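Listed below are the residues making up each chain.
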Amino acid sequence: MYNLTMKHKFTCLFFLSALAITSCSQLKSNTAIHSLMSKDRNVIELSVGEMANLVEHNYGVSILFYSLQCSYCDKARESLKEMAKKYDYALFQLEMNRQVEEYIQEDFKQVNLSLYHYPTLFLFENNELSYYIDNENLLNYSSLRRILIPQLFETETFYQDINNL
């Protein structure tokens, strides 16, 4: 009976310490949007007008610019989808085409698209481009998580996967 009780206490202590570690931090952005609005925690597809509205109203948002003709973009979208399922941070994506590119070049001065390739994940804060992630770092979940989490949360321990503890 003593061993079972000690084992039970140790398990509870371990769980409580893990909970304390993973819940002691906050999002870096005060204007970041939580994905609680999406029960299935999917990446949210935006129109260019919605993207411009979010950024111009100073929301902290992360938006993947992608093309349907790009196989790297497919992999990046899968990585982002996995991130959206594991974290309460809203992640957005925007399909790029000629009309969207023209609008961004003419009316949305925060991004000079000629400097970037697809796929690229842009992080906006206070109506400015604050960080971007491109190419190979978007192609698998582990790389994306390693780079994106420190940009979104004050500490990396905030949203550790419970399974990894």
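Refer to the structure printed above.
Residues numbered from 1 in each chain as written. Predicted model: local features only at pLDDT ≥ 70, side-chain atom pairs only at ≥ 80, totals over all residues. Heavy atoms only, no water.

Visitor: Got a minute to help me understand the side chain of T120 in this structure?
Guide: Checked against the element boundaries, T120 lands in strand β4 (residues 120–125). Among the polar contacts listed, one links the side chain of T120 to the backbone oxygen of H117, at a separation of 2.3 Å. With residues up to four places along the chain from it excluded, the contact list for T120 reads I63, L64, F65, Y132, I133, D134 and L138. (Helix = DSSP H or I, 4+ residues; strand = E, 2+ residues; numbered from the N terminus. Polar contact = N/O pair within 3.5 Å; in protein donor to acceptor, adjacent residues only side chain to side chain. Contact = heavy atoms within 4.5 Å.)

Visitor: It is not clear to me how the packing of helix α3 (residues 71–86) against helix α5 (residues 141–152) should be interpreted in this structure. Could you clarify?
Guide: Each pair of packed helices can be described by the angle between their axes along with the distance between the axes. Where α3 meets α5, the axes come as close as 9 Å, and the angle between the chain directions of the two elements is 60°. By the angle between their directions, the pair α3 and α5 is classed as oblique. Between α3 and α5 the crossing geometry is right-handed. For the pair α3 and α5, the contacting residues are S79, L80, E82, M83 and K86 in the first and Y141, L144, R145, L148 and I149 in the second. Class assignment of the residues belonging to the contact of α3 with α5 gives a composition of six nonpolar, one polar and three charged. (Axes fitted to C-alpha atoms, helices over the stretch in contact; angles between N-to-C directions. Parallel < 35°, antiparallel > 145°, perpendicular 65-115°, else oblique. Left-handed = near helix turned anticlockwise from the far one by under 90°. Nonpolar A, V, L, I, M, F, W, Y, C, P; charged D, E, K, R; others polar.)

Visitor: It is not clear to me how the pairing of strand β5 (residues 128–134) should be interpreted in this structure. Could you clarify?
Guide: One face of the sheet, then the other: side chains in a regular strand alternate in exactly this way. With six bridges connecting them, β4 and β5 associate as antiparallel partners. Residue L123 lies in a different strand from β5, and its bridge partner there is Y131. Here β4 folds back onto β5, and the loop between the two strands holds two residues, one of which, N126, carries a positive phi near 55°. (Pairing = 2+ DSSP bridges.)

Coordinates in, geometry out; function isn't part of it.
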